[in-house]
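Reading the structure
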Amino acid sequence: MSTARLTNRERQVLGLIADGLGTREIAGRLGIAPDTARKHRDNAVSKVGKGSQAAAAAALARERSTAPA
């Protein structure tokens, strides 16, 4: 499945996961609670249809790299 259904915040969270940040680091960077960051991560993984956050982040990275400029 595509990442087209992701909210902007879910995209941000996956992008930060792809950069190697953990949940607490993501929460601090975005100014949200760790539980909120975790929920955005879980929703994004579910929407993308991948079995892990790493796979979902990789799908977003692939889509970004092939998007027209």
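This text goes with the structure placed above it.
Residues numbered from 1 in each chain as written. Predicted model: local features only at pLDDT ≥ 70, side-chain atom pairs only at ≥ 80, totals over all residues. Heavy atoms only, no water.

Describing the overall build of the chain
Here is the rule we go by: In DSSP terms, a helix is any run of H or I states spanning at least four residues, a strand is any run of E spanning at least two, and both are numbered starting from the N terminus. Whether a residue is buried, partly exposed or exposed follows from its accessible area with a 1.4 Å probe, protein chains only, as a fraction of its type maximum: under 20%, in between, or over 50%, in that order. We call two residues contacting when some pair of their heavy atoms lies within 4.5 Å. Accessible areas in this description were obtained via Shrake-Rupley with a 1.4 Å probe; residue shielding takes into account the shown protein chains only.
The helix and strand tally for the chain stands at four helices and zero strands. Counting every position in the chain, which comprises 69 residues, the buried fraction comes to 33%. Within the chain, contacts between residues separated by at least 24 positions form 54% of all contacts whose residues are at least 6 apart in sequence. For the chain, the exposed area adds up to about 4200 Å²; of that, 49% sits on carbon and sulfur atoms.

So, helix 2 (residues 23-30)
We count it as follows: This arc is built from the directions going out from the helix axis to the C-beta atoms.
Taken together, the buried positions of helix 2 are I26, A27 and L30. For helix 2, the angular spread of the buried residues around the axis is 100°, confining them to a single face. Residues R24, G28 and R29 are exposed on helix 2 and point more than 90 degrees away from its buried face. In the core, the buried residues of helix 2 are packed alongside helix 1 (8-18) and helix 3 (34-48).

Quick notes on the environment of K47
Note that K47 resides in helix 3. The sequence separation of K47 and L6 amounts to 41 residues, and the corresponding C-alpha distance is 7.0 Å.

Some points on the packing of helix 1 against helix 3
Basically, it comes down to this: Axis definition: a line fitted to C-alpha atoms, over the contacting stretch in the case of helices. Angles run 0 to 180 degrees between N-to-C directions. By definition in this entry, angles of less than 35 degrees are roughly parallel, angles greater than 145 are roughly antiparallel, angles of 65 to 115 are roughly perpendicular, and the rest are oblique. Basically, the charged four are Asp, Glu, Lys and Arg, the nonpolar ten are Ala, Val, Leu, Ile, Met, Phe, Trp, Tyr, Cys and Pro, and anything else, Gly included, counts as polar.
Two numbers describe how helix 1 lies on helix 3: the axes approach to 9 Å, and their chain directions differ by 95°. What the angle tells us is that helix 1 and helix 3 run roughly perpendicular. Where helix 1 approaches helix 3, its residues R9, E10, V13, L14 and I17 are matched on the opposing element by A37, H40, R41, N43, A44, K47 and V48. Looking at the contact of helix 1 with helix 3, its residues break down into six nonpolar, two polar and four charged.

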